[in-house]
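Now for the letters of each chain:
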Amino acid sequence: MTYIAKPQLHHPSLPSNAIGLTRRDYEGRISTLCAGCGHDSISAAIVTACFELDLQPHRLAKLSGIGCSSKTPDYFLGQSHGFNAVHGRMPSVLTGANLANRDLVFLGVSGDGDTASIGIGQFVHSVRRGVNMCYIVENNGVYGLTKGQFSATSDKGSKSKRGAENTESGIDLVALALQLGATYVGRSFSGDKEQLVPLIKGALTHGGAAVLDVISPCVAFNNHAGSTKSFDYVREHNDAVNRLDVILGRTPIKTDYAPGEVRDVTQHDGSVLRLKKIAADYVATDRNAAAAYIQEHQAKGEIVTGLLYIDPEASDLHDRLGTTRVPLNALGTEDLTPGAQALARINAGLR
Amino acid sequence: MPDQNLTQPHMAQIVATNDFVVKFANVNGSGSASANGLFAKAVIRMGVPVGARNIFPSNIQGLPTWYEVRVNGEGHVGRRGGVDLAVALNPQTWDDDLAGLVPGGYLFYDSTKPMPPSKFRDDITVIGVPLTAICNTAYKIPRERQLFKNIAYVGALSHLIGIDPDIVETLLAEEFASKAKLIDANVRAFHLGRDWAKQNLEPIGLQLKHADGVGNRIFVDGNRAAALGAVYGGATVCAWYPITPSTSIAEGFMEYCEEFRTDPDGSKRYAIIQAEDEIASIGIVNGAAWNGARAFTCTSGPGISLMNEFIGLSYYAEIPAVIFDVQRGGPSTGMPTRTQQADLLLAAYASHGDTKHVLLIPGDPGECFTMGALAFDLADRLQTTVFVMLDLDIGMQEWLVEPFVWDDNRQLDRGKVITAEDLEAGKPFGRYRDVDGDGVPFRTYPGTHPTKGAYFTRGSSHNSMAVYSERGADYTEGMQRLLKKFATAAELVPPPVIQPAARPTRIGVLYFGSTAPAMHEALVTLERRGRHLDALRVRGFPFSQEVFEFIAAHDEIFVAEQNRDAQMRSLLMIEGNIDASKLTSIRHYDGTPVTARFLIDAISEKMNANAPEKETLK
């Protein structure tokens, strides 16, 4: 949301991807967020992920709600249609958009206020419906645009910039997403690009509801001692369960990982998620184990990150509804209108 | 058998052929609805027009419910007011049902336990039929005793008022075509009641005669018609949340889509989501329409209240949406199973800030179909929310209307959409630019072109290129264009239906929606009494120019509506800058559909009060 146009000059030696686009082709307008904001790092990770996936920018639709995080879709993928919906209601708008054209890739960007407070109902129901989407929560545990109120993901006992203590329980969106039946659940940290980019790539290529909770410290209102979402706190308490590589079908699959530490998961679209285990006992395909693992570590004040759960057999809302393969928005009059003869039959049945 | 001969011999009885009102008083959940429906359909099959209204509580079992059937050979199928024959089968409402009878009317009741004469009136005819005793003798299973009692009273009535038994048998055969066993059982029960009546009772003064007053008209409720309109209008996405009285629109859409939109391999050319609430419903509709699908939701007043924020987004970001609002009694939870026209102002100006919305106002289920389909063309053409304003009386009651018509040459009007070919050919695109001078901009669907045509949709202020802007000039330019677009809408909504009086007059009446049939009957009666009124039925908002011309051409306009606050009158005053003293309000808002007699009395009374010379004849 800026008045300043970004220069369109490209450096001639910028590398291009398989469809001939450079990283610049995936960028958007200049960010108006505070310098050092974690959200900008996430935007950069989205740009990298889409570039590396060779995604055609116009075949992705980016949707968001209201808040600092929800402003960011203006700052990446300038050739994609974007939709800044009303506060907390991105999931329903994304659901409708997805129903209209199942051939697009849907990226939903939201914040902890947008998702865990005003929009928790829509978050919950879009996930349990299995909408095919990459839903990123840019989670800073604070209301930034209105200057520093606690959010529903603020941990109990954490302190605001003014020193007030949060007395309400925090919502763990990852645990919630698991319970709701999300088929791809990950958590990461805006400051950990190496972990975040592959997680986003995996989510964008996943064939169902993918939820990423990305802790993204607010430099203005939630990056002080006493906050559990500050850069320092997260770095000290981050406990990664795995490291992820996304291997697209056309890339030769490397086999240089030691057996026992690597697990390949093939997704519907043929991409392979290669999980490099860090926590020896972590199995990312067991929903119940994942939930238990997260809670055990949370009790110790540790923030578990990585790909926490994946169902490689994921289905999505269209599978469940039995919708035609043709996007609904491409159907014409003859596909949709039964015609005068059918109407005459209906009339006859109403006499 | 108890003595049923309770007729007061000295009293005048109503004598009428093909023109009377029957009201059934039942307990809900007792299975009476299908018997009552059978009664109404049998009258229609005899060629006599019927208006039938199910008056039911917000409850599943045990509370009073009524079914009022207006029989009128001349085709007046609105409520008349008053009851000629009460079929009083609910002791809870006995006193009210008795009181509702006009003098000379008839009371039909289950005389298994005869009522003492003190429970009757001396100006009516009482007809006792021991329904319970008859059915207890004939049936052993309690459920059968109850269910067949309903068909048995239809049988008894068939003798009393002259319903053709062959027609009833045909209807039962059609109804249970797939369950032959039930045909025989129901026919038997029908004759059980009929035979008893034949042996014990004389036909009454209210009689049915075969006529030719129905033609090829169909008997259908507005919700079903609206659902069919959505199918023909090309809707592919329906998101809804159950709420009385709109639920059967979504259910009807589901049913028709299964029939007409399923591919041979079982895949569906539609998607229906029962959402978690009305906010999600309208969010899904906005998302789908933004992405180029035709989408709708159906709801009632409380749902509209919840949807307000999205309706404002649709207005300002210019996203098509169709909302069927089946109005019920408000405010708050109000009277969920009663009818009102009380969401007009809510819908017309929904959401914060300066907003105005397009309303289509059907006057019967036939128009629910045509406007249901038209709404999607208008939503795409105008890129905004279009409301279709039904009410419970139109939505949930079956009306006798002309058959649905569709022109096979008609193509869905997708409005101003720029395609990849247009962009490739160099057609300039600015999302909110007024290229044609009608206030309606062009849009692109997401995913159209790799490098051209993308834009950012937002509810925050934006310039004509869809870029965020807080500049006052950008903002006012956009808001002024939206006004221009609204003026364009006034030319696209269905024009009013104007019916001039038999003689020139300076007095007019303006009405809309489900008031139509009662008003038509009232106008005929008033005309007979020498009260000449030009009539205009509003069918859309923003108002067409014809509406204001009609008002300008008269000295006084009666505005008839079914809400307390004269909302249509307010809309006319606000949008047409009309002098309040010119618009005389007539309001009926107790939750029951307005009757012809109410309108006749209200209009006559006001005309008398305004001095007889005001009724100037030129």
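Residues numbered from 1 in each chain as written. Chains lettered and ligands numbered in written order. Predicted model: local features only at pLDDT ≥ 70, side-chain atom pairs only at ≥ 80, totals over all residues. Heavy atoms only, no water.

A.B. asks: Would you mind showing me how to read the domain arrangement of chain B here?
C.D. replies: Interface size, as often reported, equals the accessible area lost upon joining of the parts. Residues and elements named next belong to chain B. Partitioning chain B into domains gives domain 1 (16-207), domain 2 (220-401), domain 3 (420-492) and domain 4 (497-614). Once you take the C-alpha centre of each, domain 1 and domain 4 turn out to be 36 Å apart. On the side of domain 4, 12 residues touch domain 1, which itself brings 11 residues to the contact. Summing both sides of the interface, domain 1 and domain 4 together bury roughly 910 Å²; the carbon and sulfur share of this comes to 52%. Viewed at the interface, domain 4 and domain 1 are joined by two salt bridges. Taken together, the links from domain 1 to domain 4 amount to seven residue pairs in polar contact (both at pLDDT 80 or more). Among the residues forming the side of domain 1 that touches domain 4, the class breakdown is two nonpolar, four polar and five charged. (Domains from an automatic or database assignment. Contact = heavy atoms within 4.5 Å. Buried area = accessible area lost by both parts, 1.4 Å probe. Salt bridge = Lys/Arg side-chain N within 4 Å of Asp/Glu carboxyl O. Polar contact = N/O pair within 3.5 Å; in protein donor to acceptor, adjacent residues only side chain to side chain. Nonpolar A, V, L, I, M, F, W, Y, C, P; charged D, E, K, R; others polar.)

A.B. asks: What should I look at first to understand the sheet that holds strand β20 (residues 507-512) of chain B in this one?
C.D. replies: Strand-to-strand pairing in sheets goes through backbone hydrogen bonds, with the strands running parallel or antiparallel. All names here are of chain B. Pairing is mixed in the open sheet, where five strands are placed in the order β19-β21-β20-β23-β24. A single partner strand is all that each edge strand has here, and the edge strands are β19 (497-499) and β24 (583-587). The sheet shows a mean angle of 20° between the axes of neighbouring strands, taken without regard to direction. (Pairing = 2+ DSSP bridges. Helix = DSSP H or I, 4+ residues; strand = E, 2+ residues; numbered from the N terminus. Axes fitted to C-alpha atoms, helices over the stretch in contact; angles between N-to-C directions.)

A.B. asks: Hey, could you run me through the pairing of strand β7 (residues 125-129) of chain B in this one?
C.D. replies: Each regular strand carries side chains that alternate between the two faces of the sheet. Residues and elements named next belong to chain B. With respect to burial, β7 is a largely interior element, five of its five residues being buried. The alternating pattern of β7 places T125, I127 and V129 and V126 and G128 on opposite faces, both of which are buried. Judged from the five bridges that link them, strand β6 (residues 101-110) and β7 form a sheet pairing that is parallel. Note that in β7 the partner of Y109 across the bridge is G128. (Buried < 20%, exposed > 50% of the residue type's maximum accessible area, 1.4 Å probe, protein only.)

A.B. asks: Would you mind going over the packing of helix α12 (residues 365-382) of chain B against helix α15 (residues 472-492) of chain B with me for this structure?
C.D. replies: Helix-helix packing: each pair is described by the crossing angle between the helix axes and the interaxial distance. Residues and elements named next belong to chain B. Where α12 contacts α15, the two axes come as close as 11 Å, and the packing angle between them is 155°. Between α12 and α15, the angle is such that the two are roughly antiparallel. When the axes of α12 and α15 are compared, the crossing they make is right-handed. When α12 is examined against α15, the residues L378, R381 and L382 are found in contact with a partner set consisting of K485, T488, A489 and L492. When its residues are assigned to classes, the contact of α12 with α15 shows four nonpolar, one polar and two charged. (Parallel < 35°, antiparallel > 145°, perpendicular 65-115°, else oblique. Left-handed = near helix turned anticlockwise from the far one by under 90°.)

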